[in-house]
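Remarks on the overall topology
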Amino acid sequence: MSRTPLIAGNWKMYKTGPEAVAAATRLAELASDIVNTDIMIAPTFLSLPLVSGVLAESNVKLGVQNLFHETEGAFTGEVSPGMVKAAGADYAIIGHSERRQYFGETDDAVCKKVKASIDADLIPILCIGETEEQRADDKTFSVLDKQITNGLNSLCSRDLGTLVLAYEPVWAIGTGKTATPEQVAGIHEYIRSLINRLFGNELAMSIRILYGGSVKPKNASELMALDDVDGALVGGASLDVDAFIQIIRYDR
Ligand code: PGA
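Quick look at the structure, then. Only a predicted model underlies this, so the values are computations on that prediction, with no experimental measurement involved.

1. Quick look at the site of the ligand
Around the ligand, the surrounding shell holds 13 residues, and the nearest of these are Lys12, His96, Glu168, Gly174 and Ser214. In this structure, an oxygen atom belonging to the ligand sits 2.8 Å away from a main-chain N or O atom of Gly236. Starting from 280 Å² of accessible surface for the ligand in isolation, the protein chains cover 97%. When its residues are assigned to classes, the shell around the ligand shows four nonpolar, seven polar and two charged.

2. A closer look at the environment of Leu27
Within the secondary structure layout, Leu27 lies in helix α1 (residues 17-30). Through-space distance from the C-alpha of Leu27 to that of Ile123 is 21 Å; in sequence the pair is 96 residues apart.

3. Topic: the sheet that holds strand β7 (residues 208-212)
Pairing in this closed barrel of eight strands is parallel, and the strands run β1-β2-β3-β4-β5-β6-β7-β8 around the ring. Each neighbouring strand pair of the sheet contributes to a mean axis angle of 25°, computed without reference to strand direction. Inspection of the sheet shows strand β5 (residues 123-128) paired to strand β6 (residues 164-167) by four bridges, in the parallel sense. Of the residues in β6, the one forming a bridge with Ile128 is Tyr167.

4. Remarks on the pattern of salt bridges
Where charged atoms from two side chains of opposite charge approach closely, those side chains can pair. What the rule picks out here adds up to 17 salt bridges. For the salt bridge of Glu98 with Lys12, the shortest nitrogen-to-oxygen distance reads 2.8 Å. Here Glu98 is found in helix α4 (residues 97-103), whereas its partner Lys12 is found in the loop between β1 (6-10) and α1, with 86 residues between them in sequence. The class of Glu98 is partly exposed, set by a relative accessible area of 23%. When salt bridges that share partners are traced, they join Arg3, Arg192, Asp228 and Asp230 into one network.

5. Looking at unusual backbone geometry
Phi angles above zero are rare outside glycine, and Asp121 is one such case at about 65°. Relative to the helices and strands, Asp121 resides in the loop between α5 (107-119) and β5. We classify Asp121 as exposed; its relative accessible area is 56%.

6. Section: α5
Across its 13 residues, α5 extends 18 Å between first and last C-alpha, which sits within 8% of the 18 Å expected from 1.5 Å per residue. Of all the positions in α5, only Asp107, Val110, Cys111, Lys113, Val114, Ala116 and Ser117 are classed as buried. Summarising the contacts, the buried residues of α5 are in contact with α3 (81-86), β4 (91-94), α4, β5 and α7 (140-151). Looking one or two residues past α5, Asp121 carries a phi angle of roughly 65°, positive in sign.

7. Here we look at the pairing of β1
Burial runs high along β1: five of the five residues are buried. Burial along β1 is two-sided: Leu6, Ala8 and Asn10 and Ile7 and Gly9, pointing in opposite directions, are all buried. Pairing analysis gives five bridges linking β1 to strand β2 (residues 38-42), with the strands arranged parallel. Across the sheet, Ile7 pairs through a bridge with Ile39, a residue of β2. For the crossover from β1 across α1 to β2, the handedness is right-handed. As paired elements, β1 and strand β8 (residues 231-234) share four bridges and run parallel to each other. Along β8, the bridge assignment pairs Ile7 with Ala232.

Reading the values: the criteria
- Residues numbered from 1 in each chain as written.
- Predicted model: local features only at pLDDT ≥ 70, side-chain atom pairs only at ≥ 80, totals over all residues.
- Heavy atoms only, no water.
- Near = heavy atom within 4 Å.
- Polar contact = N/O pair within 3.5 Å; in protein donor to acceptor, adjacent residues only side chain to side chain.
- Areas by Shrake-Rupley, 256 points an atom, 1.4 Å probe, with all protein chains shown as cover.
- Nonpolar A, V, L, I, M, F, W, Y, C, P; charged D, E, K, R; others polar.
- Helix = DSSP H or I, 4+ residues; strand = E, 2+ residues; numbered from the N terminus.
- Pairing = 2+ DSSP bridges.
- Axes fitted to C-alpha atoms, helices over the stretch in contact; angles between N-to-C directions.
- Salt bridge = Lys/Arg side-chain N within 4 Å of Asp/Glu carboxyl O.
- Buried < 20%, exposed > 50% of the residue type's maximum accessible area, 1.4 Å probe, protein only.
- Expected span 1.5 Å × (residues − 1).
- Contact = heavy atoms within 4.5 Å.
- Right-handed = clockwise from strand over helix to strand, strands pointing away.

Below is the structure:
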């Protein structure tokens, strides 16, 4: 089964509104001829409506870096899936390691957010990955098992038709240390087999599994060439439109 690659940019807490608009405008121009790759950028909530305006006619989609699972209510400081959908988002990055690490996000919270995203017709990008210490302790596979099993708890394959997974080893995020193609190939194959075991072959074959962690123009093509890698979640390099477009054009 052929899976359309997705190259997603996580802008984290960078770029003011005008900076985000300028970068998104340029990206939309540079990517206007791309038809066989899905492209997404996730600016801050604050920039979302502004960027949505400039991307409306383009093939670059919008996402958010987080959301809260409730539809509305007295939840000071939070933003709901329906609100981000109304502001132009199609994707939601859920459970990024920085949210787990700095904001105490648990698998249980992640699971609620995945469900709420699906209910709001957003495509969830569920982030998973082990820390350096967990890898050194040989716990990589058990960590991934737990993050996937608990993060998708009580969901069934019918709910998960649009789900995207992003394998992001924590030790490779923002560090310049990329996992080797051999490491990535082995882990992605394992993740696909786990999805097969939990949700069946159809979902396992159709689900997109992105790699994230220091993806740069120079390493994108060797990573994207791997059988079970269906795109990339890009942090630092997505802030620079010229670098990001090179990653998007990895096979050209
Ligand atoms: P990086 O970030 O590309 O800067 O390593 C990846 C991410 O956090 O998704």
